Amino acid sequence: MAVPELWAGTDAGKAEHHCVVIDADGQRRLSRRVANDETTLLTLMGDVLALSGGEPVTWAIDLNAGGAALLIAVLTDNGQQVLYIPGRTVHHVSGSYRGDGKTDAKDAFVIADQARMRRDLQPMHHGDDIAVDLRISTARRLDLAADRTRAINRLRARMLEYFPALERAFDYKTSKASLVLLTGHQTPAALRRIGRNRLAAWLKNRRVRNSQLVAATAVQAAEAQHTAVAGEKLAATVVSKLAREVTALDEEIAETDALIESRFRDHPHAEVILSMPGLGPVLGAEFIAYTGGDMSIFGSPDRLAGVAGLAPVPKDSGRISGNMRRPRRYCRRLMRVFYMSAQVAAQHCPVSKAFYERKRAEKKTHKQAVIALARRRLNVLWALLRDGRLFESSPPTHAASPA
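Not measured: the values here are computed from a predicted model. (Residues numbered from 1 in each chain as written. Predicted model: local features only at pLDDT ≥ 70, side-chain atom pairs only at ≥ 80, totals over all residues. Heavy atoms only, no water.)

K.L.:
Just checking my understanding: could you explain the pairing of strand 2 (residues 16-22) for this structure?
P.N.:
On any regular strand, side chains alternate: one points to one face of the sheet, the next to the other face. Taking burial as the measure, the 7 residues of strand 2 include 6 buried ones, the bulk of the element. As paired strands, strand 1 (residues 6-11) and strand 2 are joined by 5 bridges and run antiparallel to one another. Counted as the bridge partner of W7 is I22 from strand 2. From the end of strand 1 to the start of strand 2, which pair antiparallel, there are 4 residues. Bridging between strand 2 and strand 3 (residues 28-35) involves 7 bridges; their strand directions are antiparallel. (Buried < 20%, exposed > 50% of the residue type's maximum accessible area, 1.4 Å probe, protein only. Helix = DSSP H or I, 4+ residues; strand = E, 2+ residues; numbered from the N terminus. Pairing = 2+ DSSP bridges.)

Written out as structure tokens, the structure reads:
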């Protein structure tokens, strides 16, 4: 008698995973907790394949990165089919299974059973090296940008306590000159003591543009406050350190951007993506990072639009029909790529600008018009990648055929 096909569900963790194997009748054939190391994972795979007796095994997992990365690599490198089931999906469907408790074994069984019954799950592939590198570097850039925002917010909050006039004088998110200023002079008394001309010379020696204007603005703020607030000296020291921290983060972000652009241009789709108005190296790199650079995984532009949150879903009930809403579960990074690039294209690309203005004329809000444009551009990008063509701002003119 032939051994039935098996489904292996894995509830992934950091140090350990729990694997449950079921057959076509949903009966458990194996339940095991394994360590997250290569030797143990290879042993598990060998035992599951021995159970299958040569029949195919479908593996399913609730993570697609992090602690599951090694397991995915071991399976895909050995030719195993691996399906991804989001953890949120597992959480929602677990309520329909017997028992109110939650265990790793139950979650692994649910993952295996869902893989057995569902036909809408996409298989995972061995990661493209460039796409993986871009995912790591773009994630690092997002972390750096978040750290920079937090440091600036702390800097401004600290300055507001003892020198509100200087806190209002500059936009510390965009003004590098103000950060240079704060590394050397942070208090009203210090700025009055150095004076406008000497401060301008000090800034100029540090390659600050518009040093005269920056110095005049800072000294003017100092002249507006002659009261020394308690804790000023220590607060000024903290502000100086935060200013240096933001400057260092700016340098690291610039280095990361250069790394991202260099690696992105190595990808075979880079030229096509960069031909789309509004898609620069960083947004293009994020697109490759969060799609893997392989459009065949999605199957159609509609599927990609659903993953990116650009395909509305119905919200009908009873007599109410025709209502559409944005899906709750989608890749926000992909949404950001298309939304941000659409905003830029609506200003600088004639074709996109005309589409945006047409939507506005249809009484759409700015946000609705940009999302509609983003959806339209997704279709265009899909077609360009499929055909290996570059974007053209106007359709090509064809010579008239002879009569």
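So that's the structure; there's more coming.
K.L.:
In this structure, what is going on with the sheet that holds strand 5 (residues 81-84)? I would like to understand it.
P.N.:
Paired through their backbone hydrogen bonds, the strands of a sheet run either parallel or antiparallel. Spatially, the 6 strands line up as an open sheet ordered 3-2-1-4-5-6, and their pairing is mixed. Each edge of the sheet is formed by a strand with only one pairing partner; in this case those strands are strand 3 and strand 6 (123-124). Here strand 1 pairs with strand 4 (residues 57-61) via 5 bridges, running parallel. Looking across to strand 4, one finds that G9 is bridged to A60. Docked against the sheet, helix 1 (residues 38-52) engages strand 1, strand 2, strand 3 and strand 4, running at close to 170° with respect to strand 3. (Contact = heavy atoms within 4.5 Å. Axes fitted to C-alpha atoms, helices over the stretch in contact; angles between N-to-C directions.)

K.L.:
Just checking my understanding: could you explain the packing of aromatic side chains for this structure?
P.N.:
According to the stated counting rule, one finds 4 aromatic pairs in the structure shown. Here Y97 and F109 contribute two aromatic rings whose centre-to-centre distance is 6.1 Å and whose plane-to-plane angle is 90°, an arrangement assigned as edge-to-face. Of this pair, Y97 sits in the loop between helix 3 (87-93) and helix 4 (104-117) while F109 sits in helix 4; the two residues are 12 residues apart in sequence, bridging distant segments of the chain. Ring geometry for F287 against F338: centres 5.9 Å apart, planes inclined by 85°, an arrangement best described as edge-to-face. In this pair, F287 is assigned in helix 12 (residues 281-291) and F338 in helix 14 (residues 332-348), connecting sequence segments 51 residues apart. Take F287 and F338: they sit in the same class, and that class is buried. Of note, R332 hangs over the ring of Y330, and the distance from its end group to the ring centre comes to 4.3 Å. (Phe/Tyr/Trp six-rings, centres within 6.5 Å; stacked < 30°, edge-to-face > 60°. Lys NZ or Arg CZ within 6 Å of the ring centre and 35° of its normal.)

K.L.:
In this structure, what is going on with the pattern of salt bridges? I would like to understand it.
P.N.:
Side-chain pairing between opposite charges can occur once the charged atoms of the two side chains come close. On inspection of all chains with the given rule, the structure shows 19 salt bridges. Taking the shortest distance from any N to any O, the salt bridge between R263 and D133 comes out at 2.8 Å. Here D133 lies in helix 5 (residues 129-162) and R263 lies in helix 10 (residues 232-264), a separation of 130 residues in the sequence. Among the salt bridges present, the one from D250 reaches R148, with a minimum N-O distance of 2.4 Å. Here D250, found in helix 10, pairs with R148, found in helix 5; they are 102 residues apart in sequence, far enough to count as distant. (Salt bridge = Lys/Arg side-chain N within 4 Å of Asp/Glu carboxyl O.)

K.L.:
Would you mind going over a positive patch on the surface with me for this structure?
P.N.:
On the surface, R88, K315, R326, R328, R329, R332 and K367 cluster together to form a positively charged patch. Structurally, K367 is set in helix 16 (residues 366-387). (Patch = residues over 30% accessible without salt bridge, like charges linked within 9 Å, V, L, I, M, F, W, Y side chains within 5 Å. Areas by Shrake-Rupley, 256 points an atom, 1.4 Å probe, with all protein chains shown as cover. Lys, Arg positive; Asp, Glu negative; His and termini not counted. Charge placed at Lys NZ, Arg CZ, Asp CG, Glu CD.)

K.L.:
Mind showing me how you'd approach helix 2 (residues 69-77) here?
P.N.:
Since the α-helix packs 3.6 residues into each turn, any two residues three or four apart lie on the same face. All of the buried residues in helix 2 are L71, I72, V74, L75 and T76. Looking at the buried residues of helix 2, the elements they touch are strand 1, strand 2, helix 1, strand 4, strand 5 and strand 6. Just past helix 2, the residue G79 takes up positive phi, approximately 75°.

K.L.:
I would appreciate a short explanation of helix 1 in the present structure.
P.N.:
Spanning 15 residues, helix 1 covers 21 Å between terminal C-alpha atoms, matching the ideal 21 Å at 1.5 Å per step. Every buried residue of helix 1 is accounted for by L41, L44, M45, V48 and S52. Seen end-on, helix 1 carries its buried residues on one side only, within an arc spanning 95°. Of the residues in helix 1, the exposed ones pointing more than 90 degrees away from the buried face are T39 and A50. For helix 1, the elements touching its buried residues are strand 1, strand 2, strand 3, strand 4 and helix 2. Between the side-chain oxygen of the N-cap and the backbone nitrogen of T39 there are 3.3 Å, and the N-cap of helix 1 in question is D37. (Expected span 1.5 Å × (residues − 1). Arc of directions from axis to C-beta. Polar contact = N/O pair within 3.5 Å; in protein donor to acceptor, adjacent residues only side chain to side chain.)

K.L.:
Explain the nonpolar core here, please?
P.N.:
Buried together is how nonpolar side chains tend to be arranged in soluble globular proteins. Grouped together as the largest cluster of nonpolar side chains are 44 residues, with contacts concentrated most on L134, I273, F287, L304, L310, F338 and L381. Of all elements in the fold, only helix 5, helix 10, helix 11 (270-274), helix 12, helix 13 (301-307), helix 14, helix 15 (350-361) and helix 16 reach the threshold of two or more residues within this core. It is helix 16 that contributes the most residues to this core, 9 residues altogether. Apart from residues no more than four positions distant in its own chain, L310 is found in contact with A305, M335, F338, I371, A374, R375 and L378. By size, the runner-up hydrophobic cluster in this structure holds 33 residues, among which are A165, L181, L191 and A236. (Core = buried A, V, L, I, M, F, W, Y, C linked by side-chain atoms within 4.5 Å.)

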